[in-house]
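Descriptive analysis of the structure
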Amino acid sequence: MKLLVCGGAGFIGSNFVRIRVAGGDEVVVLDKLTYAGREENLKGVEHTFVHGAIEDPSKVAEAMDGVDAVVNFAAETHVDRSIADPMAFVRTHGEGTYILLEAARERKLRYVQVSTDEVYGSIAEGSFTEESPLAPSSPYSATKAGADLLVGSYFDTFGLETLICRGSNNYGPNQYPEKLIPLMVLNALHGDKLPVYGDGLNVRNWLFVEDFARGIGHVLEHGVAGEVYNVGGPDEETNITVVKRIVAAVGGSEDELISYVTDRPGHDRRYSLGSEKVRALGWEAQVRFAEGLDRTVAWYRDNAWWWEPIRSGDYREYYERQYGTKLG
Ligand code: NAD
Ligand code: TYD
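Thresholds, definitions, all that
Residues numbered from 1 in each chain as written. Chains lettered and ligands numbered in written order. Predicted model: local features only at pLDDT ≥ 70, side-chain atom pairs only at ≥ 80, totals over all residues. Heavy atoms only, no water. Helix = DSSP H or I, 4+ residues; strand = E, 2+ residues; numbered from the N terminus. Expected span 1.5 Å × (residues − 1). Buried < 20%, exposed > 50% of the residue type's maximum accessible area, 1.4 Å probe, protein only. Arc of directions from axis to C-beta. Contact = heavy atoms within 4.5 Å. Near = heavy atom within 4 Å. Polar contact = N/O pair within 3.5 Å; in protein donor to acceptor, adjacent residues only side chain to side chain. Areas by Shrake-Rupley, 256 points an atom, 1.4 Å probe, with all protein chains shown as cover. Nonpolar A, V, L, I, M, F, W, Y, C, P; charged D, E, K, R; others polar. Pairing = 2+ DSSP bridges. Axes fitted to C-alpha atoms, helices over the stretch in contact; angles between N-to-C directions. Domains from an automatic or database assignment. Core = buried A, V, L, I, M, F, W, Y, C linked by side-chain atoms within 4.5 Å.

Helix length check: helix α11 (residues 289-302) (14 residues) gives 20 Å between terminal C-alpha atoms against 20 Å at 1.5 Å per residue, within 8%. Considered for burial, the residues of α11 that qualify are F289, G292, L293, T296, V297, W299 and Y300. Down the axis of α11, the buried side of the element spans an arc of 160°, and every buried residue falls inside it. Buried residues belonging to α11 abut β7 (170-171), α6 (180-190), β9 (203-208), β11 (235-238), α8 (239-250) and α12 (304-311).

Attention now goes to the site of ligand 1. Near ligand 1 you find 29 residues, and of these I12, D31, T77, Y140 and K144 are the closest. A distance of 2.9 Å is found between a nitrogen atom of ligand 1 and a backbone nitrogen or oxygen belonging to I54. Interatomic distance of 2.7 Å between a side-chain N/O atom of K144 and an oxygen atom of ligand 1. In isolation ligand 1 offers 840 Å² of accessible surface; the protein chains occlude 97% of this area. Elements with a minimum of two residues in the shell around ligand 1: α1 (11-22), β5 (110-116) and α5 (139-158). Per-element accounting of the shell around ligand 1 gives the leading share, three residues, to β5. When grouped by side-chain class, the residues that make up the shell around ligand 1 number twelve nonpolar, 13 polar and four charged.

Take the sheet that holds strand β3 (residues 48-51) next. As a general point, the strands of a sheet are linked pairwise by backbone hydrogen bonds and lie either parallel or antiparallel. Across the sheet, which stays open at both edges, the seven strands sit in the order β3-β2-β1-β4-β5-β6-β10 with parallel pairing between neighbours. With one partner strand each, in any of the chains shown, β3 and β10 (228-231) form the two edges of the open sheet. With strand direction ignored, the average angle separating the axes of adjacent strands in the sheet is 20°. Pairing geometry for strand β4 (residues 69-72) and β5, over four bridges, is parallel. The residue bridging V71 from the neighbouring strand is V112, located in β5. Along the sheet, helix α4 (residues 87-107) makes contact with β1 (2-6), β4 and β5, crossing β5 at roughly 160°.

Neighbouring residues of ligand 2: 18 residues in total, closest E118, R204, R264, H267 and Y323. Within the backbone of Y197, one N or O atom sits 2.8 Å away from an oxygen atom of ligand 2. Protein chains bury 98% of the 510 Å² of accessible surface belonging to ligand 2 in isolation. Take the shell around ligand 2: its biggest share by element is three residues, from strand β8 (residues 194-197). Per-class residue counts for the shell around ligand 2 are eight nonpolar, five polar and five charged. Composition of the shell around ligand 2 by domain shows at least three residues from each of domain 1 (2-170 + 207-231) and domain 2 (176-204 + 235-269 + 289-321).

With that settled, the discussion passes to the nonpolar core. The nonpolar side chains of a soluble globular protein tend to be buried with one another. In this structure, Y171, I181, L194, I246, F289, Y300 and Y315 are the most contacted members of the largest nonpolar core, which totals 35 residues. Membership of the second largest hydrophobic core comes to 30 residues, among which are A104, Y111, I123 and F128.

Time to look at the environment of S127. With respect to the helices, strands and loops of the structure, S127 is situated in the loop between β5 and α5. Judged by its relative accessible area of 38%, S127 is partly exposed. It is 30 Å that separates the C-alpha atoms of S127 and V5, two residues lying 122 residues apart in sequence. The residues contacting S127, other than those within four sequence positions of it, are S272, L273 and G274.

What follows is about the sheet that holds β11. Taken in spatial order, the three strands line up as β7-β9-β11 in an open sheet, and their pairing is mixed. This sheet does not close on itself; its edge strands, each paired only once, are β7 and β11. Where β7 meets β9, two bridges bridge the pair, whose relative direction is parallel. Across the sheet, the residue bridging to Y171 is F208, located in β9.

Coordinates in, geometry out; function isn't part of it.
Structural data, given as structure tokens:
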């Protein structure tokens, strides 16, 4: 297949591109290269790169030329940034998804939207299914939910072959260190404080990035048009358990490193995703959390060339804005 992968320079997109190219696909990447988009994520991976935004119709037309299907990862992805400044989330998820859908409709292409379990909101017990109502809490998840609804409308109204893939929290190599796991790993490696929001008992359903990338591939190849597929990880953990495991893996003292800080506004308590539907397509998560976390810590330890330019750049300002007051 020749695939257009939007947002392919980001964390999950680049892992997806690497797996698909290794499997024989030809890939065009369209990416705006925001702070989270890193060309080095695709180092050594054969692909065609188009630098541009999904909300730019001329770049989309250039990138979509001659492809068989579109997979859209392009997004603003950090909840804390969506609380501080929601505009880019509205633009990319709303207008960007619309421009991509129109271009795919014109060319009658199969279209996969990469989405998140956060569109369902928080669940105290049990797990969300694809039929669960959408109840997003943050500007991030609300705009992602809006994009999902727009995608569904292009199936119902125009007969576009759309699919939606909702993943749970991903972790693994190449994740920008604003998210829980890479932030805590890099801070622990540097002996910096580990800022745990609230009581640390929020629960996330962890999915190793390569498992999600393969799940999206299954949906692309075998999914039924018009359907939604949840892709959840095999393990659920409280944040404090995750942070303590990281301290144990990196070395250091829990008491000296862990710092409980003011909670995130609108903080979802628990995510849990049922994945029976994608399992019926032949997908299964292969990496349990303990193994995936060890692999992730090892990757950050061994790849300072990747994170050093990030930690010394704009990230410093972001970190100061987000954590300066919280950590005193
Ligand atoms: P990321 O922030 O690492 O990467 C996002 C990529 O999109 C970057 O390369 C960025 O440059 C690009 N981008 C942003 N706005 C763009 C625009 N307007 N036009 C073109 N490119 C643009 O994100 P990620 O963690 O890899 O997430 C990828 C997708 O998976 C997102 O849609 C996200 O909602 C979804 N998702 C993420 C997780 C997770 O835990 N990270 C879980 C489930 C679903
Ligand atoms: P995050 O990685 O931002 O993913 P999401 O909010 O999209 O699930 O956060 C994961 C969990 O970790 C979430 O409950 C918030 C918490 N968290 C902290 O306690 N401290 C931090 O510095 C960050 C970034 C997150």
